[in-house]
Structure formats: structure tokens, C-alpha cells
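Remarks on the overall topology
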Amino acid sequence: MINCNVWQMTEPYRPASDFLEAVAAEQVPLFGSDFADANFQRLIEMTRDQDRSNRDWATLLLSQQDIDTPQVRDALVIAAQDEDDAVRAEALLGLAQRDRALALPFARTALMSDQACMAVFEAAALIADPSLVELLRPWTQPSDDAFLDQRAGEALLACEEGKSVDQT
């Protein structure tokens, strides 16, 4: 099993899009005006961009927004089926923050993979479903990434207890 963790990259990982850079730097409004609403729509559209870094960053930024609409959920569901592991993981985390039941099948799929990003374990800890326990156990074996090992252990504990980390 391989852990996919962008924190381990030697060079800074940034999106190709200047727009997404500006969103990440909080220089672009996403709410409160027609201009901001257009920016938010652009952010959603970029979750389906051809460039992998743009899809990943757009999905991450969308997942972090405190808004839950059918359009946001639809974009996250589509991103949860992306070809890229990191995009899928960010989408899964965004779904878990909004609807644990909707996120659960995506978490199962992610945990059955040969690699998992930190966001997968964060999502599993939020979902806290006992059906994920056996899928999480292999990920709790010590690896060369103690931080990721800790996140996997926290997810396992949350699922064993059936108590989401946001309920503590």
C-alpha cells in the first residue's frame, strides 16, 4: 500500500490556474455579489478542468467552503470519481463534511485502493462508520510517514467507536 501525500513533495505544489491561486490566497470573492457568484461558478467548473492540478485545487477549495447546495454536492460526487487519487480524496473529504451517507461508498472504494491520501483518512474519521474498520486496519501498519499513520489510526478509532471526530 502506498500513501499519497502531497506534503512529501520537494517542490511546492500549486495549481496551473492563476484564478485558483487567487482563490487560495483569498484574493477572489466567492460570495456576496454577482461577481463573487460568477467566481464560485468558475470554481465549480474548474473541478472538471483538463489540468490535473486545477481539478485537484478546485476540488480542495470547493470542499473547504461552508456551503452545501445540490450543485456543490454534484460537483463533489463527479470529482469523487475522477481518474486522479488526490482529486478523489479531496472530493471524498468534502462529501464527508456534508453528507456521511453519501460519502460512505466513496470511502470504501478509496480504502480498497493500493494508495490513499490523507484526506481519505480524514473523511473516514468524519464518516465514522463501523463498516470501514476492516478496510482501515491495513492502513494502520507503520509506514515511513508517521503523520499519515496517525491519521489512519484516528480514522480507525472513530470507526470502531462509531463516533465522528467532529462529534468529540
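This text follows the structure it describes.
For clarity, every value in this text was computed on a predicted model and none was experimentally measured.

To continue, consider the packing of aromatic side chains. Counted by the stated rule, this structure contains 3 aromatic pairs. Judged by centre distance (6.3 Å) and plane angle (35°), the rings of Tyr-13 and Trp-57 are tilted. In this pair, Tyr-13 sits in the loop between strand 1 (2-4) and helix 1 (18-24) while Trp-57 sits in helix 3 (residues 52-63), placing the two residues 44 residues apart along the sequence. Given a relative accessible area of 19%, Tyr-13 falls into the buried group.

This part covers the nonpolar core. If you look at the biggest cluster of nonpolar residues, it comprises 57 residues, and the most contacted ones within it are Leu-43, Leu-92, Phe-121, Leu-132 and Leu-136. Considering every element that reaches this core, the biggest residue donor is helix 7 (residues 118-127), with 9 residues. When near neighbours in sequence (up to four residues on either side) are disregarded, Leu-92 contacts Ala-103, Phe-106, Ala-107, Ala-110, Val-120, Ala-123 and Ile-127.

Now for unusual backbone geometry. Positive phi, close to 60°, is recorded for Glu-26, a residue that is not glycine. Here Glu-26 shows up in the loop between helix 1 and helix 2 (34-46). At Ala-128, a position not held by glycine, the phi torsion is positive, near 50°. Note on placement: Ala-128 falls in the loop between helix 7 and helix 8 (133-136).

Thresholds applied
- Residues numbered from 1 in each chain as written.
- Predicted model: local features only at pLDDT ≥ 70, side-chain atom pairs only at ≥ 80, totals over all residues.
- Heavy atoms only, no water.
- Phe/Tyr/Trp six-rings, centres within 6.5 Å; stacked < 30°, edge-to-face > 60°.
- Helix = DSSP H or I, 4+ residues; strand = E, 2+ residues; numbered from the N terminus.
- Buried < 20%, exposed > 50% of the residue type's maximum accessible area, 1.4 Å probe, protein only.
- Core = buried A, V, L, I, M, F, W, Y, C linked by side-chain atoms within 4.5 Å.
- Contact = heavy atoms within 4.5 Å.

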